[in-house]
Amino acid sequence: MHYARLGLGGPTLSRLACAALRPDPACPDAVPQATRSIGQALDAGINLFDATSCMDGMAESLLASALGKRRAEVLISSRLGARRNGTHSHPGLSRSDMVWSIEQSLKRLGSDWLDLCVVPHEDPHTPLEETLQTLDDMVRAGKVRYLGFANWPAWKAAQALEMQLRHGWAPFCFGEMHYAINTRSPEREAIPMLQSYGLGMIVKPLPAGLPFSNAGAVQAQGYLTGAAAPDGPRSNHRLAELMRDIAASHQASTKQIALAWLLARDAVSSIVPAFNSAMPQQDALHAMTLQLSPGELLLLDAASTPTPLLPDWFSLQEHQPTAQSEPEKSCA
């Protein structure tokens, strides 16, 4: 297992994390299977466990049961600020709701602290100052150790960081992003902002973020039906073919190549893949051993370049070489 620092001020964590998934009530062996999976992750050297797969807290309870006395050996990440009942009377990032949310998480985890606290969304009904001051209070109280945000616009995260700096509040030290080889929109603004402020990045690829099957065609999943994704490469078919060729040369799957590509990105601190029947934990661990060559990385980067938007599109147009027209002939 390889490890990385989470930004300039965060903890050292494994490059691959383990997501504690909600057990399927219809499967009688779901809880024992999940417990074995967490045990295997511990044996593999994984020290980051994500408990945000469901907002009802079942993943947190399962993780607490599986870790037992080994709780102090690992880092646990969870989200707060779920909008209770979906009503305005319970805004997700108000002081009262955030305090309630963190207390409930700690109770389910059977712990006095949460290592990584993630703010998952914006709350238009709560002033940003109230949210950030409450986060600072929870850090000072010892209930939370490190703060992060999930998929905020770059300008909003920068605004929050400047506000935390101005007031002397505990700052965000990482961002949690949906990022994958065919979903590279964070490269436009989010990743440059994270790097500018010295923040780490934990990647949670969407189910559609690893869409390539070994059999051949692109899976019809979500908006990925063979056409270009809204923020994805111009041709998913071309990218899928390239990934299959590279996967064959490494005797690996295309999903493992997608993970290896992410692990090669300097901005990525850790990845939280969704382990399931399509991506078993052992397959994800094997991706840690794959070494893509510089040439393969260049080919993947070129094939997965997203369609440029303004102002990037305009900048590219400005730098395009233009054919010089012949000089006009004088009438003289």
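Each value, and the rule that gives it
- Per chain, the residues get numbers from 1 upward, laid out in the order the sequence is written.
- Reporting in this predicted model follows two pLDDT cut-offs: at least 70 for local features of residues, and 80 or more for side-chain atom pairs to be given and counted; totals over whole chains, interfaces and linings ignore these cut-offs and use all residues.
- Side-chain metrics rest on all non-hydrogen atoms present in the structure, leaving aside hydrogens and water.
- Between rings of Phe, Tyr and Trp, where Trp is taken as its six-membered ring, a pair exists when centres lie within 6.5 Å; planes separated by under 30 degrees are stacked, by over 60 edge-to-face, and by other angles tilted.
- Under the scheme used here, helices are H or I runs from DSSP no shorter than 4 residues and strands are E runs no shorter than 2 residues, and both carry numbers assigned from the N terminus.
- Working definition: with a 1.4 Å probe on protein chains only, accessible area under 20% of the residue-type maximum means buried, over 50% means exposed, and in between means partly exposed.
- Whether a charge sits over a ring comes down to the Lys NZ or Arg CZ being within 6 Å of the ring centre and within 35 degrees of the ring normal.
- Predictor confidence is given residue by residue as pLDDT, running from a minimum of 0 to a maximum of 100.
- Contact criterion: two residues are considered in contact whenever any of their non-hydrogen atoms come within 4.5 Å of each other.
- To define axes, lines are fitted to C-alpha atoms, for helices over the stretch in contact only, and angles between the resulting N-to-C directions are given on a 0 to 180 degree scale.
- Here a crossing is taken to be left-handed if its near helix is turned anticlockwise relative to the far helix by less than a right angle, and right-handed if that turn runs clockwise.
- Each residue is assigned to one of three groups, with Ala, Val, Leu, Ile, Met, Phe, Trp, Tyr, Cys and Pro labelled nonpolar, Asp, Glu, Lys and Arg labelled charged, and all others, Gly among them, labelled polar.
- An angle counts as roughly parallel when it lies under 35 degrees, as roughly antiparallel when it exceeds 145, as roughly perpendicular when it falls between 65 and 115, and as oblique in every other case.
- A residue counts as positive if it is Lys or Arg and as negative if it is Asp or Glu; His and the chain ends are not included.
- Salt-bridge detection follows one rule: a side-chain nitrogen of Lys or Arg within 4 Å of a carboxyl oxygen of Asp or Glu.
- As used in this structure description, the phrase polar contact means that two N or O atoms lie within 3.5 Å; if the pair is within protein, one of them must be able to donate a hydrogen and the other to accept it, and residues adjacent in sequence are counted only when both atoms belong to side chains.

Would you explain the packing of aromatic side chains in this entry?
The geometry of an aromatic ring pair is captured by two quantities: the separation of the ring centres and the angle between the planes. Going through the model one piece at a time under the given rule, you end up with 4 aromatic pairs. Pairing Trp152 with Phe172 gives two aromatic rings, centres 5.6 Å apart and planes at 80 degrees, and the pair type is edge-to-face. You can see Trp152 sitting in the loop between strand S7 (144-150) and helix H5 (154-167) and its partner Phe172 sitting in strand S8 (residues 172-177), a full 20 residues away along the chain. Each member of the pair Trp152 and Phe172 is classed as buried. Here the aromatic cluster, defined as three or more aromatic residues joined through ring pairs, consists of Phe149, Trp152 and Phe172. We note Lys156 situated over the ring of Trp152; from NZ or CZ to the ring centre the distance is 5.8 Å.

Looking at this structure, how should I read the confidence of the model for the protein chain?
Close inspection of predicted coordinates is inappropriate for parts of the model with low pLDDT. On average, residues of the protein chain carry a pLDDT of 79, and 74% of them reach 70 or more. Throughout residues 208-230 the model reports pLDDT below 50, and contacts reaching past four residues in sequence, or to other chains, amount to 55 contacts.

Explanation requested: the packing of helix H3 (residues 95-109) against helix H4 (residues 128-140) in the structure shown.
Packed helix pairs are characterised by how far apart their axes lie and by the angle those axes make with each other. Orientation of H3 relative to H4, taken along the N-to-C sense of each, is 35 degrees, at an axis distance of 9 Å. Crossing geometry of H3 relative to H4 is assigned as right-handed. Each of Arg95, Met98, Val99 and Ile102 in H3 lies in contact with H4, whose residues at this interface are Glu130, Thr131, Gln133, Thr134, Leu135, Asp137 and Met138. Class assignment of the residues belonging to the contact of H3 with H4 gives a composition of 5 nonpolar, 3 polar and 3 charged.

Help me understand the packing of helix H7 (residues 236-250) against helix H10 (residues 294-303), please; the structure alone is not making it clear to me.
Relative orientation of the contacting elements H7 and H10 amounts to 160 degrees, with a least axis distance of 9 Å. What the angle tells us is that H7 and H10 run roughly antiparallel. As for the relative orientation of H7 and H10, their crossing is left-handed in sense. Touching Arg238, Leu239, Leu242, Met243, Ile246, Ser249 and His250 of H7 are Glu296, Leu299, Leu300, Ala302 and Ala303, all from H10. Looking at the contact of H7 with H10, its residues break down into 8 nonpolar, 2 polar and 2 charged.

Looking at this model, I keep getting lost on the side chain of Arg15. Mind explaining?
Of note, Arg15 is situated in the loop between strand S2 (12-14) and strand S3 (18-19). Lacking a salt bridge, the buried Arg15 has Asp266 as its closest oppositely charged neighbour, with an N-O distance of 7.6 Å. Only 3.0 Å separates the side chain of Arg15 from the backbone oxygen of Leu263, close enough to count as a polar contact. Among the polar contacts listed, one links the side chain of Arg15 to the backbone oxygen of Val268, at a separation of 3.1 Å. For Arg15, the contacting residues outside a window of four places in its chain are Met1, His2, Tyr3, Ala4, Leu262, Leu263, Arg265, Val268, Ser269, Ser270, Ile271 and Met288.

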